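Fold and geometry: a report
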Amino acid sequence: MAIFDSTIFRDLSGSVGNVTAYKLGDKQVARAKTFVVRDAKSLAQLKQRLRMKEVARLRRGIVGVLPLGFCTSSRKVCLNGFLKENIKKVEVDDDLNVTFDLLSLSLSAGELALPSIQAEVDGDMRRVMFHWVKQPLMPYMFKDDRLYGVVYESGLRRCRKVELGTRGVSGDMAWELPKDWDAGKLVVYGFAVSADGKKASGTLGVCRS
């Protein structure tokens, strides 16, 4: 609060910005407004915060794959796309327990049709065996679409992109696990990207170990 004596602003009252002026007896007083920021604590708001936090946690482990899956070099577009695809998949109950099915994670989005990719984890040989099948050519499904597998290690929260082949030719591939990866904590995904890299499919949850 400030008290001032001015012939110019005598009898001034009212607010300008965050300052309010008024008369207090025979003195002119100026007081700054106090703003109180209230932290929203409704159950719905708390649930949404937890969903956002979980999506951010998931994103950290697969951020390197997102430019391919969302067909852009823009970090902002990738992060917004990942949020849009996954936020509704995070479940939060009334006790604020968070659950998420990793096999439902979306690493890509677009108008292309899902590829036909299968995989199995061979824990003894420490490798992932991929198999993909030629698909009939039709709208949103082209023979030169490139197929990708993604292997995510949930303990370390790391992933690796595996380029497989094209949609127009069936094939198989064995991919060896990094030495520090746990073969019992793997989740495998697949998606397709157009030959020019401008379009992608959604994400196929292939298998988990």
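Heads up: these notes are all about the structure in this document.

1. Looking at the sheet that holds strand β12 (residues 186–193)
Spatial ordering of the open sheet is given by β10-β9-β12-β13, a layout of four strands whose pairing is antiparallel. Across the chains shown, the open sheet's two edge strands, defined by having one partner strand only, are β10 (158–166) and β13 (204–208). Within the sheet, the average angular offset between the axes of one strand and its neighbour, ignoring direction, is 25°. Bridging between strand β9 (residues 146–153) and β10 involves seven bridges; their strand directions are antiparallel. Within β10, the residue paired with Tyr152 across the bridge is Cys159.

2. As for the pattern of salt bridges
The tally for this structure, following the rule as stated, stands at six salt bridges. With a shortest N-O distance of 3.1 Å, Lys199 and Glu111 are connected by a salt bridge. Here Glu111 lies in the loop between β6 (98–99) and β7 (117–122) and Lys199 lies in the loop between β12 and β13, a separation of 88 residues in the sequence. Relative accessible area serves as the criterion here: at 44%, Glu111 is assigned to the partly exposed category.

3. Some words on unusual backbone geometry
One non-glycine residue, Cys71, adopts positive backbone phi at about 55°. Among the secondary structure elements, Cys71 is positioned in the loop between α2 (66–69) and α3 (75–86). Even without glycine at this site, Leu96 takes up a positive phi of about 65°. Among the secondary structure elements, Leu96 is positioned in the loop between β5 (91–92) and β6.

4. Thoughts on the sheet that holds β7
The strand order across the open sheet built from three strands is β7-β8-β11, with neighbouring strands paired in antiparallel fashion. Of all the strands in the sheet, just β7 and β11 (171–176) have a single pairing partner and so form its edges. On average, adjacent strands in this sheet sit at an angle of 20° to one another, irrespective of strand direction. Here six bridges tie β7 to strand β8 (residues 127–132), and the two strands are oriented antiparallel to one another. Looking at β8, one finds that Glu120 is bridged to Met129.

Conventions used here
Residues numbered from 1 in each chain as written. Predicted model: local features only at pLDDT ≥ 70, side-chain atom pairs only at ≥ 80, totals over all residues. Heavy atoms only, no water. Pairing = 2+ DSSP bridges. Helix = DSSP H or I, 4+ residues; strand = E, 2+ residues; numbered from the N terminus. Axes fitted to C-alpha atoms, helices over the stretch in contact; angles between N-to-C directions. Salt bridge = Lys/Arg side-chain N within 4 Å of Asp/Glu carboxyl O. Buried < 20%, exposed > 50% of the residue type's maximum accessible area, 1.4 Å probe, protein only.

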